[in-house]
Amino acid sequence: QVQLVESGGGLVQAGGSLRLSCAASGRTFSRYVIGWFRQAPGKEREFVAAINWSGVITGYGGSVKGRFTISRDNAKNTVYLQMNTLNAEDTAVYYCAAVPGIGHPPISREEYDDWGQGTQVTVSS
């Protein structure tokens, strides 16, 4: 099990950028796949991005591809989500999630075991 804490959310104007962080506890962080998901009011929690244990393999949801970048620093037990060219549709609570494994990062939320508490991102138009 790993404990996850998100940070970096806030209010930003459309077209702006934010960088979210997901800090994890535990000495085996490098063995975990990390995913980012988001949930807007009244909507299902949707996949945003994920990264494998080494950082070599990444995946993105269709609505963020080309605008968001996921990365990780295993020495700091942290995964980042750089979000550029934000728009109002990106407004949501963003969650990071973890699952142990060395394969391709899954995009289904049901495959993740541990979740953070979320951080609010609000984009004003």
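Fair warning: this is a prediction, and the values are worked out from it, not measured in the lab. (Residues numbered from 1 in each chain as written. Predicted model: local features only at pLDDT ≥ 70, side-chain atom pairs only at ≥ 80, totals over all residues. Heavy atoms only, no water.)

## Side note on the overall build of the chain
The test is simple: By definition, any uninterrupted DSSP run of H or I lasting at least four residues is a helix, any uninterrupted run of E lasting at least two residues is a strand, and each is numbered from the N terminus. What the globule rule says is 2.2 Å times the number of residues to the power 0.38, and the radius of gyration is computed from C-alpha atoms. Whether two residues touch is decided by their heavy atoms; if any such pair falls within 4.5 Å, the residues are in contact. Working definition of accessibility: Shrake-Rupley area with a 1.4 Å probe, residue cover restricted to the visible protein chains.
Assigned secondary structure in the chain consists of 0 helices and 11 strands. Mapped from its N terminus to its C terminus, the chain presents α and β elements in the order β-β-β-β-β-β-β-β-β-β-β. Taken against the 2.2 N^0.38 rule, which gives 14 Å for 125 residues, the C-alpha radius of gyration of the chain at 13 Å falls within 12% of a compact globule. For the chain, long-range pairs separated by at least 24 residues make up 59% of all intrachain contacts whose partners lie at least 6 apart in sequence. If you sum the accessible surface of the chain, you get close to 6300 Å²; carbon and sulfur atoms cover 49% of it.

## Here's the deal with the state of the cysteines
Threshold: Only a pair of cysteine sulfur atoms within 2.5 Å counts as a disulfide in this structure description.
What the rule picks out here adds up to 1 disulfide. Here Cys22 pairs with Cys96 through a disulfide, and the sulfurs are 2.1 Å apart. Its S-S torsion of about 70° marks the bond between Cys22 and Cys96 as right-handed, since a negative value means left-handed. Here the residue Cys22 occupies a position in strand S3 (residues 18-24), and Cys96 occupies one in strand S9 (residues 92-100), the gap between them amounting to 74 residues.

## Focus on the pattern of salt bridges
What counts here: Each salt bridge in this description consists of a side-chain nitrogen of Lys or Arg and a carboxyl oxygen of Asp or Glu lying within 4 Å of one another. Remark: exposure states derive from per-residue accessible area (1.4 Å probe, protein chains only) relative to the maximum for the residue type, with buried under 20%, exposed over 50%, and partly exposed in between.
On inspection of all chains with the given rule, the structure shows 5 salt bridges. Among the ionic pairs, Glu44 bridges to Arg109, the shortest N-O distance being 2.9 Å. With Glu44 in the loop between strand S4 (32-39) and strand S5 (46-51) and Arg109 in the loop between S9 and strand S10 (114-115), this pair connects stretches of sequence that are 65 residues apart. Linking Arg67 and Asp90 is a salt bridge whose minimum nitrogen-to-oxygen distance equals 2.8 Å. Taken as a pair, Arg67 in the loop between strand S6 (58-60) and strand S7 (68-73) and Asp90 in the loop between strand S8 (78-83) and S9 lie far apart in primary sequence, 23 residues in all. Taking the relative accessible area as the measure of exposure, Arg67 reaches 15% and is therefore buried. Taken together, the shared-partner salt bridges in this structure form one network comprising Arg38, Glu46, Arg67 and Asp90.

## Here we look at the layout of surface pockets
Rolled over the atoms, a probe sized like a water molecule indicates the empty space that remains. Applicable threshold: Residues are called lining when one of their atoms sits within 4 Å of a cavity or pocket point, these points coming from a 1 Å grid over the protein atoms alone, where a cavity is a set in which a 1.4 Å probe fits but cannot get out and a pocket is an open set with protein on both sides within 12 Å along at least five of seven lines. Grid points are joined across faces, edges and corners, and a volume is the space filled by probe spheres set on the points. All amino acids are sorted into three groups, where Ala, Val, Leu, Ile, Met, Phe, Trp, Tyr, Cys and Pro are nonpolar, Asp, Glu, Lys and Arg are charged, and the leftover types, Gly among them, are polar.
The volume enclosed by the largest pocket comes to roughly 170 Å³. Lining the largest pocket, in full, are Arg38, Ala40, Lys43, Glu44, Glu46, Ser63, Arg67, Asn87, Glu89, Asp90, Thr91 and Ala92. In terms of residue class, the lining of the largest pocket is made up of 2 nonpolar, 3 polar and 7 charged.

## A closer look at the nonpolar core
What counts, and what does not: As used here, the term nonpolar core means buried Ala, Val, Leu, Ile, Met, Phe, Trp, Tyr and Cys residues forming a set that is joined through side-chain atoms within 4.5 Å.
Within the largest apolar cluster, 28 residues are counted, with the highest numbers of intra-cluster contacts made by Ile34, Trp36, Leu81, Met83 and Tyr94. Formed by 7 residues, the second largest nonpolar core is a distinct cluster that contains Val33, Phe37, Phe47 and Val99.

## Observations regarding unusual backbone geometry
The phi dihedral of Asn77 falls on the positive side, at around 55°, and the residue is not glycine. Along the chain, Asn77 falls in the loop between S7 and S8. Given a relative accessible area of 18%, Asn77 falls into the buried group. One non-glycine residue, Thr85, lies in positive phi territory at about 50°. For Thr85, the position within the fold is in the loop between S8 and S9.

Coordinates in, geometry out; function isn't part of it.
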